[in-house]
Amino acid sequence: MKSSSAAASLRDAAPRGRIRRQLPHSPWLFAAPGLLIVGIFILYPFVSTLINSFTDKRTLIPGEYVGLDNFRELLHDDMFWIGLRNSTLYIVGVVPALVLLPLLLAMLVQKHIPGITFFRSAFYTPVVASIVVVGLIWVWMLDERGLVNAVLEAVGVGSVGFLSDQWLLLFSAMAVTVWKGLGYYMIIYLAALANVPRELHEAAAVDGAGAVRRFFTVTVPAVRSTMVLVAALSSVAAFKVFSEVYLMAGPNGGPAGEDTTLVMLVQRVGTGLTGRVGYASAISVVVFVVTVALMLLVLRADRKEDA
């Protein structure tokens, strides 16, 4: 009797110990919060901007469908071409520096020498600093009565209009972007350099290769995929630049608006009580298309080198 009752209790307990079958929709329950956030803050604004680009919507007016009129107007808008020129120049001036200089910094700070921890922190400090604070500091330094001009006057060079000349202002903003981004991309390169076998450098040194030759024959090939990643990220960020130029050139985009970028033009056209939301959306669509094209070009160039 005892054995039969024990067997019956085991049979009753067996189903309770089994793992229940997973429901097909269970993974979606875990992903739902993230998908909801992406849908609200990314997908909906993107679709809304795309729809608005084909309308004449204003801030307080719903607007009507106008087809490609906004894009046709872009072709005859001088400010659009100025913004496209400045955004393109920003890529040309910023991306090469942000691809090469952080790599050199990473090679420097990975060495175990006394005091290197201080320099690692110093190089990364601009990354965590607020862009508004950084921009204001550089404006104070480059102003006609700022620190840089005071030093130039002290050595007899004279005052330089960093914030009043069209091209100097744009190059100054580029310098701020490079200065602030060095530490961020340095960290990315440090992770890549940590995976480079030391035996490759030792073998190259045994063959008589100097530091410069080892850099081009060992280091660069080993971190080439990381360099492509940095080029893609910095290209997109440079083309969409706003804060640095806005803080240094002002809301009007410098002298006669000649330093306006495309994102600044979107902000200027699409805000305010009379903002042309439809036209600003059309500019935003152009920015999106160009940034996607930049990433595809960088990836395609990387694939050609692999082939």
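Up top is the structure these notes are about.
Note that this is a predicted model, so its numbers are computed, not measured. (Residues numbered from 1 in each chain as written. Predicted model: local features only at pLDDT ≥ 70, side-chain atom pairs only at ≥ 80, totals over all residues. Heavy atoms only, no water.)

Peer 1: Just to check I follow, could you spell out the pattern of salt bridges for this structure?
Peer 2: Oppositely charged side chains can pair when the atoms bearing their charge come close. Counted by the stated rule, this structure contains three salt bridges. Residue Asp69 is joined to Arg72 by a salt bridge in which the shortest nitrogen-to-oxygen separation is 2.8 Å. With Asp69 and Arg72 both in helix H3 (residues 69–75), this residue pair falls three residues apart, about one helical turn. For Asp69, a relative accessible area of 40% corresponds to the partly exposed category. (Salt bridge = Lys/Arg side-chain N within 4 Å of Asp/Glu carboxyl O. Helix = DSSP H or I, 4+ residues; strand = E, 2+ residues; numbered from the N terminus. Buried < 20%, exposed > 50% of the residue type's maximum accessible area, 1.4 Å probe, protein only.)

Peer 1: Can you walk me through helix H2 (residues 26–52) in this structure?
Peer 2: Residues spaced three or four apart along an α-helix point in a common direction, a consequence of the helix completing one turn every 3.6 residues. Between the first and last C-alpha of H2 there are 36 Å, a value that for 27 residues agrees with the 39 Å anticipated at 1.5 Å per step. Of all the bends found along H2, the most pronounced is centred on Ala32 and spans about 50 degrees, while Pro33, a proline, follows it within four residues. (Expected span 1.5 Å × (residues − 1). Bend = angle between axes of the 7 residues up to and from the residue.)

Peer 1: What is the right way to read the packing of helix H4 (residues 78–109) against helix H5 (residues 116–128) from this model?
Peer 2: When two helices pack together, their arrangement is given by the angle between their axes and by how far apart the axes lie. Between H4 and H5, the least distance of the axes is 10 Å, while the angle of their chain directions is 155 degrees. The orientation of H4 relative to H5 falls into the category roughly antiparallel. The way H4 lies across H5 gives a crossing that is left-handed. Contacts between H4 and H5 involve Leu105, Leu108 and Val109 from the first element and Ile116, Arg120 and Phe123 from the second. Each residue belonging to the contact of H4 with H5 can be placed in one class, and the counts come to five nonpolar, no polar and one charged. (Axes fitted to C-alpha atoms, helices over the stretch in contact; angles between N-to-C directions. Parallel < 35°, antiparallel > 145°, perpendicular 65-115°, else oblique. Left-handed = near helix turned anticlockwise from the far one by under 90°. Contact = heavy atoms within 4.5 Å. Nonpolar A, V, L, I, M, F, W, Y, C, P; charged D, E, K, R; others polar.)

Peer 1: What is the right way to look at the side chain of Thr55 in this model?
Peer 2: Relative to the helices and strands, Thr55 resides in the loop between H2 and H3. Looking at Thr55, its side chain comes within polar contact range of the main-chain nitrogen of Lys57, at 3.4 Å. Apart from residues lying up to four places away in sequence, Thr55 is in contact with Glu64, Tyr65, Val66, Asn70 and Gly278. (Polar contact = N/O pair within 3.5 Å; in protein donor to acceptor, adjacent residues only side chain to side chain.)

Peer 1: So what exactly am I meant to see when it comes to the packing of H4 against helix H13 (residues 262–270) here?
Peer 2: Taken N-terminus to C-terminus, the directions of H4 and H13 make an angle of 145 degrees; their axes are 8 Å apart at the nearest point. Contacts between H4 and H13 involve Met79, Phe80, Gly83, Leu84 and Ser87 on the former and, on the latter, Leu262, Leu265 and Arg268.

Peer 1: Can you walk me through the packing of aromatic side chains in this structure?
Peer 2: Between two aromatic rings, the relevant description is the distance of the centres plus the angle of the planes. One pass over the structure, following the stated rule, counts nine aromatic pairs. Measuring from centroid to centroid gives 5.3 Å for Phe80 and Trp81, while their planes differ by 70 degrees, and the two rings are edge-to-face. Residue class for Phe80 comes out buried when judged on its relative accessible area of 5%. Aromatic pair Phe215 and Phe216: ring centres 5.1 Å apart, planes at 80 degrees, arrangement edge-to-face. On the basis of relative accessible area, Phe215 is assigned to the buried category, the value being 11%. Aromatic rings pair up to connect Phe118, Phe119 and Phe123 into one cluster. (Phe/Tyr/Trp six-rings, centres within 6.5 Å; stacked < 30°, edge-to-face > 60°.)

Peer 1: Can you walk me through the environment of Ala293 in this structure?
Peer 2: Structurally, the position occupied by Ala293 is in helix H14 (residues 277–306). Overall, the relative accessible area of 34% leaves Ala293 in the partly exposed class. Between the C-alpha atoms of Ala293 and Ile51, which are 242 residues apart in sequence, the distance is 21 Å.

These values are about where atoms sit, not about what they do.
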